[in-house]
Amino acid sequence: MKRMLIQGVVGAMLLCFMTAGWSAAAVLDDLTAALKAGKADVGVLTSFEYKNRDDATSPAKQLSIRTRIGYQTGEFHHVRLYAQFHNLTNAWEEFRHADGGDSDRDLIADPDGNRLYKAYLDYSALPQTTVRLGRQEIILDDARLLGNIGWRLNGQSFDAVTVTNKSITDLTLFAGYVNQVNTIALTHVDLDHFYLINANYAGIKNHHVSVYGYLLDTESKADSARDSATYGVRIVGKPCIVNYAVDYTLQTDFADGEDHDADMLNLYVGATVAPVDFGVGYSYISGQDGDDRPFDTLYSTAHKFNGFADLFLSTNGGGLTPGLQDYYAKIGTSFFGVKLSVIYHYFDSYEDDHFDGTYGDEVDVVVVKPISDNLKLLVKYANFMQDEDEGNGFANPAVDTEILTARLEYSF
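Each value, and the rule that gives it
Residues numbered from 1 in each chain as written. Predicted model: local features only at pLDDT ≥ 70, side-chain atom pairs only at ≥ 80, totals over all residues. Heavy atoms only, no water. Pairing = 2+ DSSP bridges. Helix = DSSP H or I, 4+ residues; strand = E, 2+ residues; numbered from the N terminus. 1 Å grid on protein atoms, 1.4 Å probe; cavity = no way out; pocket = protein on both sides within 12 Å on 5 of 7 lines; lining within 4 Å. Points joined across faces, edges and corners; volume = space filled by probe spheres on them. Nonpolar A, V, L, I, M, F, W, Y, C, P; charged D, E, K, R; others polar. Phe/Tyr/Trp six-rings, centres within 6.5 Å; stacked < 30°, edge-to-face > 60°. Buried < 20%, exposed > 50% of the residue type's maximum accessible area, 1.4 Å probe, protein only. Lys NZ or Arg CZ within 6 Å of the ring centre and 35° of its normal. Salt bridge = Lys/Arg side-chain N within 4 Å of Asp/Glu carboxyl O. Contact = heavy atoms within 4.5 Å. Polar contact = N/O pair within 3.5 Å; in protein donor to acceptor, adjacent residues only side chain to side chain.

### Let's talk about the pairing of strand β3 (residues 79-94)
Logical step 1: In terms of strand pairing, strand β2 (residues 60-72) meets β3 through 12 bridges, oriented antiparallel. Of the residues in β3, the one forming a bridge with R66 is L88.
Logical step 2: A loop of six residues connects β2 with β3, the two strands running antiparallel in sequence, and H77 in this loop sits at a positive phi of about 50°.
Logical step 3: Note: β3 against strand β6 (residues 113-123), 10 bridges, orientation antiparallel. Note that in β6 the partner of Q84 across the bridge is K118.

Below, the structure written as structure tokens:
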């Protein structure tokens, strides 16, 4: 499918050049000019991570260097090309990952290796419209359902065709077709199709309203239970010093998927009284209810939500059978160029088929310090503390977890 799409685009471009009467020399001159007008980008990230779970495994330790080198051409008859090469090298690898590693140590999902992380063509001849064909990141709204999993070192990209249109004032329309997901484990997941529709309206002062629909049809029979239709609405506003966000998402059957009757609700309200930001929020994700499957957060950047100790990543794939209620409060400030954030979470289950009790609570601390325009230091600490009570006769599926991460990122 991807080869046919690329051949079709290239063929159409050549036909346009020929029918327009352009000579091969003129086309070559324009192409040379576009290449000379191109821009390169380089990013180097050094990361240390320590992870300790209160289970039979030993703590995990990782020291990694990630390099990404990209190049974007100038415009060539409404076309731009971009490619980005990615390398991850684990200099210190005392952890377990998808490809193996130390089986007696905790999991860190960063196997080392190389990949072509992005490779796409942008076509912009249509007014206020960009058509993107190829391997690309897709981040929609707050990345709760579609994201690049940017916290993990390998990241996530998609082989897709996407269209972004802004021809109507204050309205951004996005549509996409995905047939492969390039995962953080450096593997690929083939899809029959994954249709994406998202409309974002910013015509209400200090507000954004998004409505969306995502239709997932997997290719593997083993994954066919994930096939689902996901519909939702998200409203974000900052009418004064107060800011808020609310979204509701419903998931139903689609393609080969059965027993999808799940939903997700997220609420947040905060305020800024310089130099302090603070807020409270609630996140609800339904779990297994009889034959109805848990809510599947699709291909989201799950680390961004429900605690940085990553106890609830199984929402990606619909694997959190007891469901989740996350009550949280956050506060942040800046001083001497340092940005400090502290978040407290209280995690409770929702369904009672598997575990009906409190998971525990968690404290997260994040420190960010820009050292120069191109260099940034980040330190993140997460400490999840398990609740010792059993729920409905089942043991708590979450365990005490402590993670410390320090990263130094250079980009230009």
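### Quick look at empty space enclosed by the protein
Rolled over the atoms, a probe sized like a water molecule indicates the empty space that remains.
Logical step 1: Within the structure shown, the criterion is met by two cavities of 30 Å³ or more.
Logical step 2: As for the largest cavity, its lining consists of L140, D141, D142, R144, L145, L146, Y212, Y214, R234, D247, T249 and M264.
Logical step 3: Among the secondary structure elements, those contributing two or more residues to the lining of the largest cavity are β11 (207-218) and β13 (242-253).
Logical step 4: By residue class, the composition of the lining of the largest cavity is six nonpolar, one polar and five charged.
Logical step 5: Secondary structure elements with two or more residues in the lining of the second largest cavity: β19 (375-386) and β20 (401-411).
Logical step 6: Residue composition of the lining of the second largest cavity, grouped by class: four nonpolar, two polar and four charged.

### Comments concerning the pairing of strand β1 (residues 39-53)
Logical step 1: Relative to β2, β1 runs antiparallel, the two being bridged by 13 bridges. Across the sheet, residue F48 finds its bridge partner in β2, namely L63.
Logical step 2: Between β1 and β2, which pair antiparallel in sequence order, lie six residues.
Logical step 3: As paired elements, β1 and β20 share 11 bridges and run antiparallel to each other. Bridge pairing links S47 to R407 in β20.

### Brief notes about the layout of surface pockets
Logical step 1: The volume enclosed by the largest pocket comes to roughly 1300 Å³.
Logical step 2: As for the largest pocket, its lining consists of 48 residues, of which K304, F305, F308, Y328 and K330 are closest to the centre.
Logical step 3: Sorting the residues of the lining of the largest pocket by element identifies β12 (228-237), β13, β14 (261-273), β15 (276-285), β16 (324-335), β17 (338-348), β18 (358-370) and β19 as the ones contributing at least two each.
Logical step 4: Ranked by residues supplied to the lining of the largest pocket, first place goes to β16 with seven residues.
Logical step 5: Looking at the lining of the second largest pocket element by element, the count peaks at three residues for β1.
Logical step 6: Classifying every residue of the lining of the second largest pocket by side-chain character gives 27 nonpolar, 12 polar and 10 charged.

### A few points about the packing of aromatic side chains
Logical step 1: Tallying each qualifying case throughout the model produces 15 aromatic pairs.
Logical step 2: Ring geometry for F48 and W92: centres 6.1 Å apart, planes at 35°, overall tilted. With a gap of 44 residues between them, F48 in strand β1 and W92 in strand β3 connect regions that are remote in the sequence.
Logical step 3: Ring centres 5.3 Å apart and planes at 10° place the aromatic pair Y212 and Y214 in the stacked group. For the pair Y212 and Y214, one class covers both residues: buried.
Logical step 4: Taken together, F312, F347, F355, Y359 and F384 form an aromatic cluster joined through their ring pairs.
Logical step 5: Looking at R68, its charged tip hangs above the ring of Y117, at a distance of 4.1 Å from the centre.

### Overview of the pattern of salt bridges
Logical step 1: Counted according to the given criterion, the structure contains 11 salt bridges.
Logical step 2: Here E49 and R152 are joined by a salt bridge, their closest N and O atoms 3.1 Å apart. Residue E49 is located in strand β1, and its partner R152 is located in the loop between β7 (129-136) and β8 (157-165); the two are separated by 103 residues in the primary sequence.
Logical step 3: Residue class for E49 comes out buried when judged on its relative accessible area of 3%.
Logical step 4: The network of salt bridges with shared partners includes E49, D110 and R152.

### Concerning unusual backbone geometry
Most peptide bonds adopt trans geometry, and most residues besides glycine take a negative phi value.
Logical step 1: Of note, the amide linkage connecting A274 to P275 takes the cis form, showing an omega dihedral of 10°.
Logical step 2: Topologically, P275 is positioned in the loop between β14 and β15.
Logical step 3: Despite not being glycine, A143 has its phi angle at roughly 70°, a positive value.
Logical step 4: Of note, A143 is situated in the loop between β7 and β8.

### Points about the environment of D141
Logical step 1: By the secondary structure assignment, D141 is in the loop between β7 and β8.
Logical step 2: By relative accessible area, which is 31% here, D141 ends up partly exposed.
Logical step 3: A C-alpha to C-alpha distance of 19 Å links D141 and L313, two positions 172 residues apart in sequence.
Logical step 4: Once you skip the residues sitting within four places of it in the chain, D141 turns out to touch N198, N200, S210, Y212, Y214 and R234.
Logical step 5: One polar contact links D141 to N198, side chain to side chain, over a distance of 3.1 Å.
Logical step 6: A distance of 2.8 Å separates polar atoms of two side chains, one belonging to D141 and the other to S210.

### Structural notes on the environment of S58
Logical step 1: If you trace the backbone, S58 turns up in the loop between β1 and β2.
Logical step 2: S58 sits in the partly exposed class, given a relative accessible area of 28%.
Logical step 3: Sequence separation between S58 and F394 is 336 residues, and the spatial gap between their C-alpha atoms is 25 Å.

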